[in-house]
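If you want the building blocks of each chain, they are given just below.
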Amino acid sequence: MVASLARGQTFGGQHLLEIEVAERVRTAVPSMETMRFSSSGSEAVHAAIRIARAATGRWGVVRFDGHYHGWLDTIHAAALEPGDAGGPARPASLGQPPEALRHVTVLPWNDMAALDAAARRLRGRVAAVILEPILCNTGVIPPRPGFLEAVRAWCDRDGALLIFDEVITGFRVGLGGAQELLGVRPDLSVFGKAIANGFPLSVVGGRRDLLDAVADNPVVHAGTFNGHVTALAAARATLDVLVADDGALCRDLTARGRALMQGLREAARAAGVPVLLQGPGPVFHLWITDLPEITDARHARTVGTRAYARFALAMVRRGIRLMPGGRWYLCAAHTDAHVAQTIQAARDAFAEAAVALTG
């Protein structure tokens, strides 16, 4: 990667690194028949939606509550109100014009009845359904059995495209992303974050016939930093490490994450603190609650928030900084010793939280 700095940073055309990285992505993720590079997940999502609208001749986009697809005006939407079965998207930020979301519908995650009703109501009007195949941004909530398959069937039946936002799950939950883990193939996918080990790179890709419109230029996808040499060098190096030994690193990361999850459960049980942990291992969510599962974004946002905040503060005092809200990540730099250190800190932090809960 350091050597790439001497070759330049941005060019007005393609270069070999783009081909080398694309070949590695396509091998790991078969649905990525062809692809384009950009710098952020928000950009790649915007491109995917534009491609879908161009391919279908429709404007409608369906997304799900709690899923995050970037901060741009045309897709960033406010959370559903409790009991809301879905409907027109509302702005989630000051300065965001409501008309930018005029063609966007928000549905509750894992709600089959709401999905079926929307499919009937929006027949012939939807260009794309976009989702995180595992809802990582709000609770690391997997799809209920049959839910993703129902979304796939809706798209097939109605001529819409299915877009997977794998900015978090891609190259983290496995080499083939969540689509390999869950066995559902999208038409378009978006990747970021782990693909270049944190360097600013995102990828949008999928069916070749859809991306041909970008190659021929009737669908515009521009950007000065698309295909940035240093980011692609980082991606090539990262992907080479990930595919080594038939993906051993991904398997080890999953096993280490699950060991951490189990250690946290046991530490909480010893302290008498009820916890719920959900997720595949490399990313998971922890709530302080006695609920057996959480399957929707509304509960994920509200359950046990104060208790978790106290627990997180107790962990900071013991040298472990957690993300606010309950989501946990592991990376390849985390070792078994780090896991053991975290579990030991959690034993004391849960004991402190137990006093607060009963006091």
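Criteria and thresholds
Sequence order sets the numbering: in each chain, residues are counted from 1 along the sequence as written. In keeping with the model being predicted, local features are shown solely for residues with a pLDDT of at least 70 and side-chain atom pairs are shown and tallied solely at 80 or more, while totals for entire chains, interfaces and linings include all residues. Computation of side-chain values: all heavy atoms of the structure, hydrogens and water removed. Relative accessibility thresholds used throughout: buried, under 20% of the residue-type maximum; exposed, over 50%; partly exposed, between the two (1.4 Å probe, protein chains only). A run of H or I in DSSP becomes a helix once it reaches four residues, and a run of E becomes a strand once it reaches two; helices and strands are each numbered from the N terminus. With the strands aimed away from the viewer, a crossover counts as right-handed if its path from the first strand over the helix to the second runs clockwise. Any two strands are treated as partners once DSSP identifies two or more bridges connecting them. Structural elements are reduced to axes, namely lines fitted to C-alpha atoms, with helices fitted over the stretch in contact, and the angle between N-to-C directions of any two is expressed from 0 to 180 degrees. Comment on the angle field: the value is read as roughly parallel under 35 degrees, roughly antiparallel over 145, roughly perpendicular from 65 to 115, and oblique elsewhere. The contact criterion used is simple: two residues touch if any of their non-hydrogen atoms lie within 4.5 Å. Charged means Asp, Glu, Lys or Arg here, nonpolar means Ala, Val, Leu, Ile, Met, Phe, Trp, Tyr, Cys or Pro, and polar covers whatever is left, Gly included.

Colleague: How would you summarise the pairing of strand β6 (residues 161–166) if you had to cite specific residues and measurements?
Modeller: Of all six residues in β6, six are buried, a share of seventy percent or more. Neither face of β6 is exposed, since Leu-161, Ile-163 and Asp-165 on one face and Leu-162, Phe-164 and Glu-166 on the opposite face are all buried. Handedness of the strand β5 (residues 126–131)-helix α4 (residues 147–158)-β6 crossover: right-handed. Summarising the sheet, β6 and strand β7 (residues 188–191) pair through four bridges and their orientation is parallel. Considered in β7, the bridge of Asp-165 is made with Val-190. Remark: the β6/helix α5 (residues 177–182)/β7 crossover connection has right-handed handedness.

Colleague: For the packing of helix α3 (residues 112–121) against α4, give the residues involved together with the corresponding values.
Modeller: Running from N to C, α3 and α4 point in directions that differ by 5 degrees, and their axes come no closer than 11 Å. One finds that α3 runs roughly parallel with respect to α4. Residues Met-112, Leu-115, Ala-118 and Ala-119 of α3 touch α4, and the partners they reach there are Phe-147, Ala-150, Val-151, Trp-154 and Arg-157. Among the residues forming the contact of α3 with α4, the class breakdown is eight nonpolar, no polar and one charged.

Colleague: Can you break down the environment of Ala-92 residue by residue, with the values?
Modeller: Relative to the assigned elements, Ala-92 resides in the loop between β3 (87–88) and β4 (104–107). Look at Ala-92 and you get partly exposed, because its relative accessible area is 38%. With 84 residues separating them along the chain, Ala-92 and Gly-176 place their C-alpha atoms 32 Å apart. In contact with Ala-92, not counting residues within four places along its chain, are His-76, Ala-77 and Ala-78.

Colleague: So what's going on with the environment of Ser-38? Which residues, and what values?
Modeller: Its location among the elements puts Ser-38 in strand β1 (residues 34–38). Among the residues examined, Ser-38 registers a relative accessible area of 1% and is labelled buried. In this structure Ser-38 touches Glu-43, Ala-44, Pro-200, Leu-201, Ser-202, His-221 and Asn-226, once residues within four positions along its chain are discounted.

Colleague: Give me the sheet that holds strand β11 (residues 327–329): which residues, what numbers.
Modeller: Pairing is antiparallel in the open sheet, where three strands are placed in the order β9-β10-β11. Looking at which strands have only one partner, the edges of the open sheet turn out to be β9 (275–278) and β11. Across the sheet, the axes of successive neighbouring strands diverge by a mean angle of 25 degrees, strand direction being ignored. Strand direction decides the pairing type here: strand β10 (residues 283–288) and β11, joined by three bridges, are antiparallel. Pairing of Val-283 across the sheet is with Tyr-329, part of β11. Along the sheet, helix α7 (residues 229–271) contacts β9, β10 and β11; its crossing angle with β9, the most-contacted strand, is approximately 175 degrees.

Honestly, it's all geometry; don't read function into it.
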